[in-house]
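Chains, contacts and geometry: an overview
Residue-level listing of the chains:
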Amino acid sequence: RPLVLETLIRLVSLGVPDTPAQAGTSVSNPPLTRVLDPEVARILERHLDPNIDRSLAVCAVMGNFLPQLAWLDTEWAHAHLDAIFPAPTTEEATRRFKAAFGTFVTTNGYILSLAPVLSAAYRSAVGLVRDANAWDQQHLDPAARLVKHVIWMHLLTDELPSGGLGEELIDALCGSVNPTI
């Protein structure tokens, strides 16, 4: 299933023009608006429903391809952020969040255009680090990648994230650092 969803997202991305000229319009026309095909949206939504699909690999694919999904259909991606990155309020939701957001921060750089809508997800990730419920140590450590995202957030916006998120992350990570390193 995860490979099929990844292939679907990639194929849809390949078939969508990314410039007005490719869409058959002139540069002077309004910017191109992309909307997911209703059938593609339905398939993705079905796999986002934990009552239908509990696969953590599917969650990871959705996190990995969030930038492409937002490029394909910004409104759809923003409307489904809570399903892609569920609030880690239960054990299952925490596993799904870790799979999706861990993959997002590990495979994608900091994306300025998505930062405002991902504030809650960044805050949840910081909370997991703070509560010593961070991701298991892996060769691609999501907590370390989260730090990079927050640093880019600071550099590109000339301030730490609002609400003390940057300070919270720094404090949480300092408390989880191995002192022998």
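Along each chain, numbering runs from 1 in the same order as the chain's sequence is written. Local features in this predicted model are restricted to residues whose pLDDT is 70 or higher, and side-chain atom pairs enter the listing and the counts only when it is 80 or higher, whereas totals over whole chains, interfaces and linings include all residues. Water and hydrogen atoms were dropped before computing side-chain values, which therefore reflect all heavy atoms in the structure.

Starting at the N terminus, helices and strands are each numbered in turn, a helix being any DSSP run of H or I of at least four residues and a strand any DSSP run of E of at least two. In this scheme, a helix's expected span is set at 1.5 Å multiplied by one less than its residue total. Here helix α1 (residues 2–14) spans 18 Å end to end across 13 residues, near enough to the 18 Å set by a 1.5 Å rise per residue. Burial status follows relative accessibility: with a 1.4 Å probe on protein chains alone, a residue under 20% of its type maximum counts as buried, one over 50% as exposed, and anything between as partly exposed. Within the sequence span of α1, burial applies to Leu 5, Leu 8, Ile 9, Val 12 and Ser 13. The arc that holds every buried residue of α1, seen down its axis, measures 130 degrees, which confines them to one face. Opposite the packed face of α1, turned more than 90 degrees from it, sit the exposed residues Leu 3, Val 4, Leu 11 and Leu 14. Close packing links the buried residues of α1 with α2 (38–48), α3 (56–64) and α4 (66–72). The directions considered for the arc are those from the helix axis to the C-beta atoms. Contact between two residues is taken to exist if any of their heavy atoms lie within 4.5 Å; hydrogens are not considered.

With that out of the way, let us pick up the pattern of salt bridges. A pair is scored as a salt bridge if a Lys or Arg side-chain nitrogen falls within 4 Å of a carboxyl oxygen belonging to Asp or Glu. Tallying each qualifying case throughout the model produces 5 salt bridges. With a closest N to O distance of 3.0 Å, Glu 6 and Arg 10 form a salt bridge. One end of the pair is Glu 6 and the other is Arg 10, both in helix α1 and 4 residues apart, which spans about a single turn. Under the relative-accessibility criterion, Glu 6 is labelled partly exposed at 21%. According to the relative accessible area criterion, Arg 10 is partly exposed, its value standing at 45%.

Here is the rule: rings of Phe, Tyr and Trp (six-membered ring for Trp) pair when centre to centre is within 6.5 Å. Planes less than 30 degrees apart are stacked, more than 60 are edge-to-face, and the remainder are tilted. According to the stated counting rule, one finds 6 aromatic pairs in the structure shown. Summarising the aromatic geometry, the rings of Phe 85 and Phe 97 are spaced 6.4 Å apart at their centres and angled 70 degrees between planes, so their arrangement reads as edge-to-face. You can see Phe 85 sitting in the loop between α6 (81–84) and α7 (91–107) and its partner Phe 97 sitting in helix α7, a full 12 residues away along the chain. You'll find Phe 85 and Phe 97 in the same group, each marked buried. Joined through ring pairs, the aromatic side chains of Phe 85, Phe 97, Phe 101, Phe 104 and Tyr 122 make up one cluster.

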